[in-house]
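# Coordinate inspection notes
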Amino acid sequence: MSVEEETFRELKDVFGDRILDFKIQKMRVYVKVPSDTYREVIRYLVLLKGIYHLETITGTEVKDGIEIMAHLGTGMPISIRTTVSSEDPRIASICDLIPGAEFYEREIHDLLGVVFEGNPNLKRFILSGDWPEDVHPLKKSFESKHNLPLREGFD
Amino acid sequence: MSTFDIPIGPMHPALPEPLLLKLEVEGETVVGVDFDVSYMHRGIEKLLEAKTYFQGLPLVERICGICNAAHGLCYTLNVEKLYDKEIPARAQYLRLVVEELSRIHSHLLWLGVAAFEIGFNTMFMYTWRDREAVMDMLESITGNRITTEYSQIGGVRRDMPSNLVDRLLKTMDVVEERTKYYTKVALTERTIAKRTQGVGYLSPEEAKATCAVGPVLRASGVKNDIRADDPYAAHADVPFNVITYDSCDVFARIIVRAQELLECVSMIRTALRHLPEGPFRVKLPMKPNAGEALTRVEAPRGELFHYTLSDGGMKPYRYKVRTPTLANLGALRAMLTSKGRYVVNIGDVPISYGSIDPCICCTARVYFVDSRKGRSWVWTLDEIRERSRRGELLP
Amino acid sequence: MSFEQYVVETLEAIVFPGFIFIFFLALFYEWFDRKLYARLQNRVGPYYTGFHGLLQPLADFIKLLSKEDIVPDGVDQLLFTMTPLFTLALSVFAAFLLPISSTQGLVSFDGDAIVSVIILTFLCITVFYAGISTYNRYAIIGAERSFLQLIGYEIPLMLSVVGVVLGAGSLSLSGIVASQAGWWHIASPQILGFIVFVFAAQAELERIPFDLPEAEQEIIAGWNIDYTGRRLAMFRLARNIELVFLCGLAATLFLGGPLGPTVEGYTQIFYVVYFVVKSLFVLAILTVVRALFARLRIDQVVGFSWRYLLPLAIFQFIVVRLML
Amino acid sequence: MGIVGWARSKSPWIAHFCTGSCNACDIEILACLTPRYDIERFGAVLKGSIRHADVLLVTGPVTRQVRDRLLRVYEQMPEPKYVVAVGTCATSGGVYRGAYNVYPGVDSVIPVTAYISGCPVKPENIINGLSFLLKKIGESK
């Protein structure tokens, strides 16, 4: 029973069937949970297991919506992933548990349009000032070739 | 009171790593900070999705010009996880050598720029002169001074002949002797100590809460180094000790980075002594098998994170890169907000900002919001630095 | 005055120890300073203009003259145009006080030692007006800084000069030079005054340990941020002539000015040679100080002057008083 | 050539402006000041204020947000001014060409006199490019 199976076994006992599926690689554990228990799992890991370090939050547009994945832990990162519908992408924010999560959530909000409820200031973080509000570059629908008309020089 | 706005662009004689900080101010002390990093956004992740894995390496190396060996290494390790093929040991050792060399050049560069920042030009000239020896070695090993692209998917680009190994060992002696001199200068030089002790304080709890990484975390006494916790490349068999310092301020960060230089030198020496024989590269097919991979590397500025999701095609479905300085932004905010006894004067902003050795974007302006009086004004970083000297900070 | 004496006097004022000579001496001093500073930093310094870069300051000067002259709007026109002229005129007048080719300067009267120090204060005031007139945020800060710094080093500078005047027993530079015929002031306890003078000169010239009014990393170019073309050329020339003046003044007060063993027929030439060599020695000290230190904060500058320079100057003043 | 042409070609004061570059070219420009390359031999001095500079070294592809500042800086420079695009990114957008947030190179925003390519550009290249520029400045008067 390597370290990975052990940690996954603990998660399985606590959350039982709410863990939809999992994947174990060398020194890595991926756990898929429905979007409402995403915050609960992270609270469990942070408060009870004392994991303090959040690597980052990755946002990817998959077939059935937008997949949010939080990677926690220093020695052996545990990745908790959940999918959110792309029409109305809402998810609970984890800023109060881990203050460092604020920038990652704001970046995903900019690039993919996911709204994190509870994030203290969900303002624009990475896109330039005059970028239109509703265009999210990391979406597959956004073609980077015909991008927004860049203002021509020497005006 | 008219607002006090300086529309000055990101021009700066020293190497500015500009960042728009929005400081919330109560009178003299800073209570809140917000950041705007939009000036540097080049849309790299979108570009990576349009390139195949092999084409992506040059782009990934150019995310950050100073610590690009770390980016290249993290990218290749990440993609190799998709192939799950055995990478020759010699390649892992050579990767470690070039990664540590680029850490030496990055830390020496930071020591010089920090001295340049406080007007100590002679130290800037000396540190950068000695850094040239390291750059020559990087150039003769990898072919280019900075964007080396030494680690390829499947191994390394070139082998290291024995005469290069001897030259590298000789350079290491020079670097070691010079670093000891600079550590002595940093410790004994009164002006440096006077300007950095007690400034930019980051308690260990705050460092953990804001997910700080790298020297900033280790300078607050937290023992956390990816090379030790989750060893990659050849770090498992090359012993080194993690440097920590417990005074949690800008001075500690100088000491941590200086002593890390000595660790790099000893690591390179042990790696070169036990350099295994055998091939230095393995041919890998263009299409990796589907799956996802997550890799972390200890870049000079902190823990670098790469994640990729591949659907079996030549191009990545999604490639995520998180640079260490983005993680340290939270720590910078904790440093700059005053709590109870520890009061942050607006004057400490530039020095602590420089101490996380930022490397992201382009505008050094600070946007003040005086919550009590409801006034707001914008000052550039240099403005604050200067006003802090003069002690008079409110318009 | 007879006609040819009148011609000789104007020629002297314009050519020999006058403006032309001072102009080229100032350029030479800037070259010497840049070259030594580069050497201390293990660099080569200006090399390709003229022999070993000798004509580099001249090239900078001519290039600046030929640049476009921008007068940003919203600038106080009068001050913006007049301050470069004032600064240049003041520093040239100050240079005339120095005894270069004879034991007394071109303009020599009783009490010109005190006048020379007053001119230094005027130069600082013109720097202040130069900064204020451009209404540029950084220039205003630079100007305020130059005044704050003035408060710091002004009194010690005065005291060190007064110490020398007391020691020599005469208020005029020629008198001071005469009193040093046998024994240079530097050999006596006046050396404390020399140290104070060197640091005060470094602060007056706004060089590294005290270069806050023009701190490149902090306020980009300080008070001369908005000056271009001819104005900037005049400011730089004035700064160089001030460098000549301060080094010359230090040489005159403490190192016996143009005095030294001379061959009978060529006293004037030897005077000039001794003057230049001694002031280059002082310039070398200033450059070494510039290369060794980091920039101090403004509160540290004022603190340093009041905590170290002033007591040293007072102590030297008392010692000289007791020795009389 | 003339005395003014000689003076201009012998004392090119440099200002450096980073428009979104990955900092490799910026540190190579700074490396030119250090003892091994030392462009002060040619009389080149890194000036802080843009008003004092003749040659503007621009590194990096112009990102969307930084474009206005580049234009403003260019307009503030006194004549005769020369813009040098340092590095492949400044010449043609380099590796980031085609990104949704990046202009393809500096010449899409301001007129450029000299291009120094290389990624990152080596200090020797910068000095080589500079010497060509100085020859051009000298003859142009």
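Above: the structure in question.
Figured I'd write up the structure that's included with this text. All chains use their own residue numbering, which begins from 1 and follows the written sequence. Naming scheme: in the order in which they are written, chains are lettered from A and ligands are numbered from 1. With pLDDT at 70 or above as the cut-off, local features in this predicted model cover only qualifying residues; side-chain atom pairs require 80 or more to be listed or tallied, and sums for whole chains, interfaces and linings still use all residues. Excluded from the side-chain calculation are hydrogens and water; included are all heavy atoms of the structure.

Our focus in this paragraph is the overall build of chain A. When helices and strands are tallied, chain A shows three helices and seven strands. Along the three orthogonal principal directions, the C-alpha set of chain A runs to about 65 × 30 × 25 Å. Whether two residues are in contact is decided by their heavy atoms: any pair within 4.5 Å suffices. Of the contacts formed within chain A by residues at least 6 apart in sequence, a portion of 45% connects residues at least 24 apart. We get accessible surface area from the Shrake-Rupley algorithm with a probe of 1.4 Å; when it comes to residues, only the shown protein chains can shield them. For chain A, the accessible surface area stands at approximately 6800 Å², while carbon and sulfur atoms represent 56% of it. Numbering of helices and strands runs from the N terminus, with a helix taken as a DSSP run of H or I at least four residues long and a strand as a DSSP run of E at least two residues long.

This part covers the pairing of strand E4 (residues 82-86) of chain D. Residues and elements named next belong to chain D. When a residue's accessible area, from a 1.4 Å probe over protein chains only, is under 20% of the maximum for its type it is buried; when over 50% it is exposed; and in between it is partly exposed. The buried fraction of E4 amounts to five of the five residues, a majority that puts the element mostly inside the structure. A two-sided burial pattern is seen for E4, the buried positions comprising Tyr82, Val84 and Val86 on one face and Val83 and Ala85 on the other. DSSP-based pairing: two strands are paired if at least 2 bridges between them are found. Two elements, strand E3 (residues 55-59) and E4, share five bridges in a ladder whose sense is parallel. Counterpart to threonine 59 in the pairing with E4 is valine 86. Handedness of the E3-helix H3 (residues 67-76)-E4 crossover: right-handed. Pairing between E4 and strand E5 (residues 114-116): three bridges, direction parallel. Pairing of valine 84 across the sheet is with alanine 114, part of E5. By convention a crossover is right-handed if, when the strands point away from the viewer, the path from the first strand over the helix to the second runs clockwise.

The next point concerns unusual backbone geometry. The amide bond that connects Glu79(D) to the next residue, Pro80(D), takes the cis arrangement and shows omega of -20°. Summarising the element assignment, Pro80(D) is placed in the loop between H3 and E4. Residue Pro120(D) is reached from Cys119(D) by a cis peptide bond, and omega for that bond is -5°. Relative to the helices and strands, Pro120(D) resides in the loop between E5 and helix H5 (123-140). In this structure, Glu149(B) takes a positive phi of about 50° despite not being glycine. Despite not being glycine, Ala233(B) has its phi angle at roughly 45°, a positive value.

Let's shift gears to the interface of chain D and chain C. By a widely used convention, the size of an interface equals the accessible area lost when the partners come together. Opposite the 30 residues of chain D that make contact, chain C presents 33 residues. The three residues of chain D that bury the most area against chain C are Glu40(D), Arg41(D) and Arg51(D), which together make up 24% of that side's buried surface. We count a salt bridge whenever a side-chain nitrogen from Lys or Arg sits within 4 Å of a carboxyl oxygen from Asp or Glu. In this assembly, chain D and chain C are joined by six salt bridges. Among the salt bridges present, the one from Asp54(D) reaches Lys63(C), with a minimum N-O distance of 2.9 Å. Pairs of N or O atoms are called polar contacts if they sit within 3.5 Å, as long as, within protein, a hydrogen donor faces a hydrogen acceptor (for residues adjacent in sequence, only side-chain-to-side-chain pairs). Counting every contact that joins chain D to chain C gives 17 residue pairs in polar contact (both at pLDDT 80 or more). Mapped by element, the contributors of at least two residues to the side of chain D that touches chain C are helix H1 (2-10) and strand E2 (45-46) of chain D. The greatest single-element share of the side of chain D that touches chain C, amounting to six residues, is contributed by H1(D). Of the residues assigned to the side of chain D that touches chain C, the class counts are 14 nonpolar, seven polar and nine charged. What counts as buried area is the accessible surface, traced by a 1.4 Å probe, that two parts surrender upon association, with contributions from both included. For this classification, the nonpolar set comprises Ala, Val, Leu, Ile, Met, Phe, Trp, Tyr, Cys and Pro, the charged set comprises Asp, Glu, Lys and Arg, and every other residue, Gly included, is treated as polar.

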